[in-house]
Amino acid sequence: MNCRIVTIPGDGIGPEIVREACKVLDRVSQIYGHSFHYKEVLMGGCSIDACGVPLTDEALETARQSDAVLLGAVGGAVGNSRWYDVAPNLRPEAGLLAIRKGLNLFANIRPAYLYKELSEACPLKKEIIGDGFDMVIMRELTGGLYFGERHTREIDGVLQATDTLTYNENEIRRIAIKAFNIAMKRRKHVISVDKANVLDSSRLWRKVVDEVAKDYPEIKLEHMLVDNCAMQLVMNPGQFDVILTENMFGDILSDEASMITGSIGMLSSASLNESKFGMYEPSHGSAPDIAGKDLANPIATILSAAMMLRYSFDLDKEADAIERAVGQVLTEGYRTVDIMSEGCIQAGTSRMGDLIAERIV
Ligand code: IPM
Ligand code: MG
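What comes next is a walk through the structure. Just so you know, these numbers come straight off a predicted model, no measurement behind them.

Quick word on the site of ligand 1
Inference 1: Around ligand 1, a shell composed of Glu93, Leu96, Arg100, Arg110, Arg139, Tyr146 and Asp251 is seen.
Inference 2: In the environment of ligand 1, an oxygen atom lies 2.7 Å from a nitrogen or oxygen atom belonging to the side chain of Arg100.
Inference 3: Arg139 places a polar side-chain atom, nitrogen or oxygen, 2.9 Å from an oxygen atom of ligand 1.
Inference 4: Calculation on ligand 1 without its partners gives an accessible area of 320 Å², and the protein chains cover 77% of this total.
Inference 5: Considering each element in turn, the shell around ligand 1 owes the most residues, three residues, to helix H4 (residues 92-102).
Inference 6: When its residues are assigned to classes, the shell around ligand 1 shows two nonpolar, no polar and five charged.

Some points on the packing of helix H11 (residues 316-331) against helix H12 (residues 349-358)
Inference 1: The contact between H11 and H12 brings their axes to 8 Å, and the two run at 120°. When the axes of H11 and H12 are compared, the pair comes out oblique. Taken as a pair, H11 and H12 cross one another with a handedness that is right-handed. For the pair H11 and H12, contact is made by Ala325, Val326 and Val329 and by Met352, Leu355 and Ile356, respectively.
Inference 2: Partitioning the contact of H11 with H12 into residue classes produces six nonpolar, no polar and no charged.

Focus on the side chain of Asn273
Inference 1: Relative to the assigned elements, Asn273 resides in the loop between strand E11 (270-272) and strand E12 (278-280).
Inference 2: For Asn273, a relative accessible area of 13% translates into the label buried.
Inference 3: In terms of polar contacts, Asn273 uses its side chain to reach the backbone amide nitrogen of Ser275, at 2.7 Å.
Inference 4: Discounting chain neighbours no more than four positions away, the residues touching Asn273 are Leu103, Asn104, Leu105, Phe106 and Lys178.

Remarks on the packing of aromatic side chains
Inference 1: This structure, assessed with the given rule, holds four aromatic pairs.
Inference 2: Ring geometry for Tyr113 against Tyr115: centres 5.1 Å apart, planes inclined by 85°, an arrangement best described as edge-to-face.
Inference 3: A residue is classified by how much of its surface remains accessible, and Tyr113, at 41% relative accessible area, is partly exposed.
Inference 4: For Tyr115, a relative accessible area of 12% translates into the label buried.
Inference 5: On the numbers, 5.6 Å between centres and 70° between planes, the contact of Tyr167 with Trp205 is edge-to-face. You can see Tyr167 sitting in the loop between strand E7 (158-163) and helix H6 (169-184) and its partner Trp205 sitting in helix H7 (residues 200-213), a full 38 residues away along the chain.
Inference 6: The side chain of Arg174 reaches across the aromatic face of Phe106, ending 4.1 Å from its centre.

What counts, and at which threshold
- Residues numbered from 1 in each chain as written.
- Chains lettered and ligands numbered in written order.
- Predicted model: local features only at pLDDT ≥ 70, side-chain atom pairs only at ≥ 80, totals over all residues.
- Heavy atoms only, no water.
- Near = heavy atom within 4 Å.
- Polar contact = N/O pair within 3.5 Å; in protein donor to acceptor, adjacent residues only side chain to side chain.
- Areas by Shrake-Rupley, 256 points an atom, 1.4 Å probe, with all protein chains shown as cover.
- Helix = DSSP H or I, 4+ residues; strand = E, 2+ residues; numbered from the N terminus.
- Nonpolar A, V, L, I, M, F, W, Y, C, P; charged D, E, K, R; others polar.
- Axes fitted to C-alpha atoms, helices over the stretch in contact; angles between N-to-C directions.
- Parallel < 35°, antiparallel > 145°, perpendicular 65-115°, else oblique.
- Left-handed = near helix turned anticlockwise from the far one by under 90°.
- Contact = heavy atoms within 4.5 Å.
- Buried < 20%, exposed > 50% of the residue type's maximum accessible area, 1.4 Å probe, protein only.
- Phe/Tyr/Trp six-rings, centres within 6.5 Å; stacked < 30°, edge-to-face > 60°.
- Lys NZ or Arg CZ within 6 Å of the ring centre and 35° of its normal.

Structure, rendered in structure tokens:
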């Protein structure tokens, strides 16, 4: 298979983790006889430095013309960088939001799975972990607070900031359908998370999700308030199969879910549009404090590359091979520093990439 992949290394640890993911993809292409053609584009702080904006029209267009996008991370330390002394729409993260919106990537899939080998790194007590957990967070990615109208004004000498949370029923329906379809291939259980005891947008969310559920009689649907969900994730994570939620709640809950897998360095993600096109990125940020030190965990990015093979290219066998190789390296005891525990062997970013690539068969 011939695939055109746009890579966006971005800022901070982005370049090193994308490099490792490409190493693993190259190994896959060798063994399984595919051709992956890469084209690199700038986004985030590096694009601000080179072009004055976090995402150029050309970069967006190049991404649009590709079969899939592999992204590292964007952004620097807030308050500690020239990238943040400008208007919000010119900061690194604005590039990320613009590419999500520009490519209509409304469905963000974030799987959170506890590898048995990492139960030592999981901050929860053994009796809470039980048999582990395996959930998928379906986060709406192009609506809600992230894209509503916002402004800061001075009214009678007092500064006032406004952000608006808007969803229409079509935006809710399309992400709900994606979530139910994914649940059909899993344990057929959807928990839709909202704040329907307060927010109108959540009440509409609930109504539309209930309507969609009628087309999926085999699926068990529950509604859960977001504050309760935050608590349930650390009290009984095993109860979750598919969590369906809006943009902001999904941002927060996916960080929480990633932490209980042992490290945010383990959580992959896929952002999809209506077709097979997608952007694949780790759920974590650019970690500027450890950038360039060979300390970053490349596993979330490598697992994101596996999702790319699965969702955009229908290469399930190859995706399985990557996931198996990650499992094997962990079973053999190799750990990056974020998931290190006693008796294990510490590996840097590049060595971890080598180890995983070597185990692809
Ligand atoms: C994420 C990140 C982004 C988000 C930031 C960098 C804008 O936290 O992908 O979860 O909030 O969506
Ligand atoms: Mg986030």
